[in-house]
Amino acid sequence: MLAIFLLAVNKILKRILDIASDLVAGESMVEEQNNSLFKKYEIKPLPYRLDALEPYISKDILDVHYNGHHKGYVNTVNKLVDRFESVVKGDATSYDIQGIVRGIVFNLNGHKLHSLYWNNMAEEGKRGKPGGMIADLIEKQYKSLDRFKQVLFETANSLPGTGWTTLNYDVENGNLQIMTYENHFMNQIAELPIVLILDEFEHAYYLQYKNKRADYVDAWWNLINWDDVENRLQNAINRSKL
């Protein structure tokens, strides 16, 4: 009995020490952030459980995609921001500024685009159908939802290599423009907010769909959070009025 009691006490003490260590680390991080010129990026929790997108996207894929790839982009961009800050402060004596900035662009866009992608999908019961302004614009510019879906899928399946397929709102003329981004940053056009986004990097689907990317694109359509799409469109329209 005494051995069991001592074991329980040791576990409690270890837990207390772990909590204290986390607190100290957190305080050190806050102090470091306060002394930094550039703030660090943080990854937000997923808006649903890891298994919430099944059967269309498996729990295993979502786990690797979010906890592996997305967090990797955030960790890397923060390291590069630190490196960039050392250049700004004059602390770095040898550096490749082009490599640092290019790395920031790649990893930061990886973080930003994935954040859009997660919120653009929803668990069952929260997906719905296109309505409001997004439905009106699709009907106006693409003649029907079926035709819009057909052109979107054709575009997505034509993407060479890896990247993203997006639906952007052009604040200049009100067009809903279907676009593709190669990698994380090639082909992007300024001032075109994204309202709908599809990740076509292999890590988004290969564990489940292997080389059948078209099947993944077809499955993704069932996960779209149309309320989120509508909110992004309205925000973009409001921005165009400024």
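For the structure, see preceding data.
Residues numbered from 1 in each chain as written. Predicted model: local features only at pLDDT ≥ 70, side-chain atom pairs only at ≥ 80, totals over all residues. Heavy atoms only, no water.

**Student:** Pulling in residues and values, what's your account of the packing of helix 2 (residues 59-89) against helix 3 (residues 97-119)?
**Tutor:** With their axes 8 Å apart at the nearest point, helix 2 and helix 3 run at an angle of 145° to one another. For the element pair helix 2 and helix 3, the recorded crossing hand is left-handed. Tallied by class, residues from the contact of helix 2 with helix 3 come to 17 nonpolar, nine polar and one charged. (Axes fitted to C-alpha atoms, helices over the stretch in contact; angles between N-to-C directions. Helix = DSSP H or I, 4+ residues; strand = E, 2+ residues; numbered from the N terminus. Left-handed = near helix turned anticlockwise from the far one by under 90°. Nonpolar A, V, L, I, M, F, W, Y, C, P; charged D, E, K, R; others polar.)

**Student:** Which residues make up the environment of histidine 114, and what are the values?
**Tutor:** Relative to the helices and strands, histidine 114 is located in helix 3. For the pair formed by histidine 114 and tyrosine 73, sequence separation is 41 residues and the distance between their alpha carbons is 9.6 Å. Not counting residues up to four positions away in its chain, the partners in contact with histidine 114 are His65, His70, Tyr73, Trp164, His184, Asp199 and His203. Here histidine 65 takes part through its side chain, which lies 2.9 Å from a polar atom of the side chain of histidine 114. (Contact = heavy atoms within 4.5 Å. Polar contact = N/O pair within 3.5 Å; in protein donor to acceptor, adjacent residues only side chain to side chain.)

**Student:** Any details on the pattern of salt bridges? Residues and values, ideally.
**Tutor:** Scanning the entire structure with this criterion turns up seven salt bridges. Glutamate 123 is paired through a salt bridge with arginine 49; the nearest N and O atoms lie 3.8 Å apart. Of this pair, glutamate 123 sits in the loop between helix 3 and helix 4 (132-142) while arginine 49 sits in the loop between helix 1 (2-34) and helix 2; the two residues are 74 residues apart in sequence, bridging distant segments of the chain. Taking the shortest distance from any N to any O, the salt bridge between glutamate 85 and lysine 89 comes out at 2.8 Å. Taken together, the residues span about one helical turn, with glutamate 85 and lysine 89 both in helix 2 at a distance of four residues. Assessed through its relative accessible area of 41%, lysine 89 is described here as partly exposed. (Salt bridge = Lys/Arg side-chain N within 4 Å of Asp/Glu carboxyl O. Buried < 20%, exposed > 50% of the residue type's maximum accessible area, 1.4 Å probe, protein only.)

**Student:** Requested: an account of the sheet that holds strand 2 (residues 176-182), with residues and values cited.
**Tutor:** The strand order across the open sheet formed by three strands is 2-1-3, and the pairing between neighbours is antiparallel. The sheet terminates laterally at strand 2 and strand 3 (194-199), the two strands that pair on one side only. Across this sheet, the average inter-strand angle for adjacent strands is 20°, counted without regard to direction. The pairing of strand 1 (residues 163-169) with strand 3 spans five bridges and is antiparallel. (Pairing = 2+ DSSP bridges.)

**Student:** Outline the nonpolar core, listing residues and values.
**Tutor:** Among the nonpolar cores identified, the biggest contains 50 residues, and Tyr117, Phe148, Leu176 and Leu196 are the most heavily contacted of them. When residues no more than four places from it in sequence are discounted, the contact partners of phenylalanine 148 are Ile138, Tyr142, Leu167, Ile178, Leu196, Trp221 and Trp226. In terms of nonpolar packing, the next biggest core, distinct from the first, is built from eight residues, Leu80, Ala92, Ile100 and Leu108 among them. (Core = buried A, V, L, I, M, F, W, Y, C linked by side-chain atoms within 4.5 Å.)

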